[in-house]
Structure formats: C-alpha cells, structure tokens
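What follows is the residue order along each chain.
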Amino acid sequence: MVEASRGIILRYEPGQFTFRKFCPTATDAQLYELAANLNAFQDRPLRRVLKVRVVHC
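Here the structure is a predicted model, which means the values were calculated and not measured. (Residues numbered from 1 in each chain as written. Predicted model: local features only at pLDDT ≥ 70, side-chain atom pairs only at ≥ 80, totals over all residues. Heavy atoms only, no water.)

A. Up close: helix α1 (residues 28–39). With twelve residues, α1 extends 16 Å from end C-alpha to end C-alpha; this agrees with the ideal 16 Å at 1.5 Å per step. Of the positions making up α1, those classed as buried are L31, A35 and N39. All buried residues of α1 lie within an arc of 75° about the axis, which places them on one face of the element. Opposite the packed face of α1, turned more than 90 degrees from it, sit the exposed residues A29 and E33. (Helix = DSSP H or I, 4+ residues; strand = E, 2+ residues; numbered from the N terminus. Expected span 1.5 Å × (residues − 1). Buried < 20%, exposed > 50% of the residue type's maximum accessible area, 1.4 Å probe, protein only. Arc of directions from axis to C-beta.)

Right, here's the structure in full:
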C-alpha cells in the first residue's frame, strides 16, 4: 500500500470542513496544529479532527 495523499476534516456540530491533498510527509502533529490554527477563525468550537489517508493498493 502506498499513501497518495493526506487530508484533515474539521468536524463541528452540525457540519464540517474538509481539506485535502497535503504533503504525504506532513506529520500528525503538524496536521493537528494546522487544524487548530484554522479553527481559530471560527466562531464555534471544534468538536473533532479527523485525519484522512488516501492509499493505493
């Protein structure tokens, strides 16, 4: 399996924002920090951060 891309989903109640096609070398910590920084512009609290991995077999 080869990881093709990564993304993050910022989940709110209700709704979500999805960001895709990040560099495959981005670490989980970097993706979480990005999610926290993006959320700083929102007027509602972030409920969950999900990592999306696109893989090819």
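B. Seen up close, the pattern of salt bridges. As enumerated under the stated definition, the model contains two salt bridges in all. Residue R6 is joined to D28 by a salt bridge in which the shortest nitrogen-to-oxygen separation is 3.9 Å. Pair noted here: R6 is in strand β1 (residues 2–11) and D28 is in helix α1, with a separation of 22 residues, a long-range link. Residue class for R6 comes out buried when judged on its relative accessible area of 15%. D28 is paired through a salt bridge with K51; the nearest N and O atoms lie 2.8 Å apart. Taken together, the residues span a long stretch of sequence, with D28 in helix α1 and K51 in strand β3 (residues 48–56) at a distance of 23 residues. The exposure class of K51 is partly exposed, given its relative accessible area of 39%. Salt bridges sharing common partners tie together R6, D28 and K51. (Salt bridge = Lys/Arg side-chain N within 4 Å of Asp/Glu carboxyl O.)

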